Every structure is written in structure tokens, then in C-alpha cells.
Amino acid sequence: MLHIKPILSGLLRSKSGPLLLLMQMILSVAIVANASFIITERLNLMARESGVEEAQVFDFTIYHFDKSTDLVAQNIRDLDILRTLPGVIDASPTSMVPLSGGGWSSNFKLSPEKDSKSSPNSAMYLGDEHFINTLGVKLIEGRNFYPQEITNEFTESGGKMLVSKALAEKIWPDESPLGKRLYMGTQQFEIIGVIERLQHAWVDNDNLEFSTVMSVDLTSEFKHYLVRAKASDIEHLKVKIPEVLHKDNQSRVIEGFKTIAERRIEAYRDHELMATVLTMMVILLLLITSLGVTGMVMFNIQRRTKQIGTRRALGAKKRDIISYFLVENYLLCLVGGTIGVLLAIQLGKQLMNFYSLPMLELSYPLLTVVGLFMVTTLAVYMPARKAAKISPATATRSV
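Residues numbered from 1 in each chain as written. Predicted model: local features only at pLDDT ≥ 70, side-chain atom pairs only at ≥ 80, totals over all residues. Heavy atoms only, no water.

K.L.:
So what about unusual backbone geometry? Which residues, and what values?
P.N.:
Phi at Leu99 is positive, roughly 65 degrees, even though this residue is not glycine. With respect to the helices and strands, Leu99 occurs in the loop between β2 (88–94) and β3 (105–106). (Helix = DSSP H or I, 4+ residues; strand = E, 2+ residues; numbered from the N terminus.)

Okay, here's the thing in C-alpha cells:
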């Protein structure tokens, strides 16, 4: 028998302790459910693939401070030097680097008219025919750039363009994008290929998967390069590349060597920190709740020593004593868990409104309540088991 009525009477006779514990359970369910949901969201964000061979690709910058430098010729020589270095798989100029937090983006027009519909905001990678192989991204439709299609500036006629699959499906959901055109002012870019996946620079942007690659290797005093090499050769190349490029031309600054894998760590550092802090908070809350339950049970045991002894004298078995305290705990968990679930949902709605988080899934508060039952059962069982061992004679003497 569960003896719910006397348990409820006991709880109502001493309201302050159970009430405080009940509030603790309610807050724990609401906070732990939402914290667990946010932790899962952050871990899912961090697990997204960029589409790039992150461990094999690194980038660096060159700033030419000698105004007399022939930048076009220098760029051609630099790329030739890079591509012939031992250990280098490929190299390409670029306007931006995946997951770096900086770069170019634009909303392209879908037709030349000024009032035409625009594409979602998309990254603007500028690269040559080596760009795909350098990043290790996969071309799933169409073709790559031809060398003769690469220009050193934005021309009035535009050029060729590769787009990520996510962007193509967003703009033309039921059609092949090949042969379609995107417009930037008076310039038009013909879509000639689709890349399976290529993320851009801003990991917190909703359009992370929307990328374009234009057939432009822009001439500039400040150049950005991507290099792909075996992971075991990268540290050596970080030293070798400045050496061989300075040997060709001293009048420049070469710096900023970082692999995409290192940029991923930097890009998701805040997410990792938040997930770690929230995980610690969840553990702490569960620990505090279990300690609170344990404390209440121990207090009740001390307060009810006579009652326990009397019940034992009247034939109550040890499991009846343990069951009494477990049922008392389950009643609190049931009430606290139910209210906690409702509060968790409301808290989730507020977080969704203020911080643009996804809607809290009901499974999180429900699983939190299940966890609450498990944790508090462990917290109650040991002191209840100790109480069950009190003999009637000891209980009588203690009064």
C-alpha cells in the first residue's frame, strides 16, 4: 500500500520544507530542460560540416607595399611558386575564407530589372579554376571554371559562377540552376556548376550554406591565398612559403597562416564556452536538488523516529519504511515536475522571442522530469534505507 493520505497529511503539517523543495524542483526542471535544449542546439551547430577539407587547407595574406610592383604578374608568379612547392596539393587566390568571420556577401538580383526579386544574402568567393580542388569541395553538377574565363577585375559583362547546392535549391527549388543567371548591378553571372556544400565565413548567420564562387581573381595590393597540403606538411609549409615568396620579392608582408580547422575552433569558441557553462550549471542544479531531497529526508527521519519505530513495532517491514519516503518524494516530483514542464515551455517561448532560439521541444522537459525522478530516487533511497533499520526499541528510547 502506498499510504498516500498519511503522507500528504505529513507534508501539509510541515509545509515550509516541502514547499521550498517543491519550488527547487520546479525551477530545476524549467532551467535544466531549456539549458539541455540550448546545449544540444550548440553541439548540433558545432557539428555542421563546412564541406571543406579543414585539416588540409590553410590560408594566409600578402600585403604589397611597393607601389611599383606589377600585381598581376606577381600574382601569377606567386601561384606558380605555391603550386610547385613539395607537399602542396593545390593553391588558389580567394576573397574570403570559410569560417573566418570576415568576407564579402551580396543579394543578387534574379533578373536585370531594378525591381526584380533578390536572392538570399550569399557569400561572394572570388577564385580561379583551382579553387574547388584547393578547398576539397565536391562539384555535383555542371563544370569548373576554364582558365580563360578568369578575369582580374569585375567586368561589365560579368562572368561565370558556381553556387552551393543549398543556395541553388533556395532560388530554383524545382529546376536545375545551370545556365541561369544572377545579377549584380549591370553585371551578370552565368551559373555553370553546383557545389555540394560550401559554408561561408559567419557561423551564426542563417544563410551559412549559401555561397557563390565568381570567376574573378581580383588584382589588389592585399591578396588572400588558400593552400591545400597534407596535414603533416602544413607546419613545414608555414615556414617555407614566406621564405620562397620573399626570395622572389622582399617588398611585402606575408602573415596570417591558419588552417580551416583552427578557424573552426575560433568560430565556435563562444558556442563551446556556452555549452560547457550550461552543462556545469545543469550538473550543479541536479546536485543541489538531490542534496535538498536528501536533506529533507534525513530531517524527516530524525523528526519521525518515534513514528518509524511505532510502525516497525506494529509490524511494518523495512520495505514499507523505504516505500513511505520514496512515495513522499514521488508526490513532490510529480507536482514539481508538472509545474516545471509548464514553466519550462513558457521560458522556452520567452527565449525564442528574445534570442531567436528554436521552439523548445516537449521531449526535453519530459526527459528532465524522468531524470528528476531518477536522481531523487537515489537521493532518497540511502537515508530511507538507514531509517528502515531503526529498531522499535531504539526509536522508543530516542523520544
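After that view of the structure, there is still more to cover.
K.L.:
Describe the pairing of strand β10 (residues 222–229), and please don't skip the residues or the numbers.
P.N.:
For β10, a buried count of seven out of eight residues is recorded, marking the element as mostly surrounded by other parts of the structure. Bridge count between strand β1 (residues 57–64) and β10: seven bridges; the pairing is antiparallel. Note that in β10 the partner of Asp59 across the bridge is Leu226. Direction of pairing for β2 relative to β10: antiparallel, over a ladder of six bridges. Each bridged residue has a counterpart across the sheet, and for Asp90 the counterpart in β10 is Arg228. (Buried < 20%, exposed > 50% of the residue type's maximum accessible area, 1.4 Å probe, protein only. Pairing = 2+ DSSP bridges.)

K.L.:
Run through the pattern of salt bridges, naming residues and quoting values.
P.N.:
The full count for this structure, using the stated rule, is 16 salt bridges. One salt bridge connects Arg264 with Glu54, and the closest N-O pair in it is separated by 2.7 Å. Residue Arg264 is found in helix α7 (residues 260–267), and its partner Glu54 is found in the loop between α2 (16–46) and β1; the two are separated by 210 residues along the sequence. The class for Glu54 is buried, based on a relative accessible area of 15%. Each member of the salt-bridge network shares a partner with another, and the members are Arg83, Asp90 and Asp128. (Salt bridge = Lys/Arg side-chain N within 4 Å of Asp/Glu carboxyl O.)

K.L.:
Describe in detail the packing of helix α8 (residues 269–303) against helix α11 (residues 363–388), supporting the description with residues and values.
P.N.:
Running from N to C, α8 and α11 cross one another at 30 degrees; their axes reach a closest spacing of 9 Å. Taken together, α8 and α11 sit at an angle that is classed as roughly parallel. When you trace α8 past α11, the crossing you get is right-handed. Counting all contacts with α8, which are made through Leu286, Thr289, Ser290, Val293, Thr294, Val297, Met298 and Ile301, the residues of α11 involved are Leu372, Val375, Thr376, Ala379, Val380, Pro383, Ala384 and Ala387. Residues of the contact of α8 with α11, tallied by class, amount to 12 nonpolar, four polar and no charged. (Axes fitted to C-alpha atoms, helices over the stretch in contact; angles between N-to-C directions. Parallel < 35°, antiparallel > 145°, perpendicular 65-115°, else oblique. Left-handed = near helix turned anticlockwise from the far one by under 90°. Contact = heavy atoms within 4.5 Å. Nonpolar A, V, L, I, M, F, W, Y, C, P; charged D, E, K, R; others polar.)

So, to be careful, I would describe these as geometric facts and stop short of saying anything about function.
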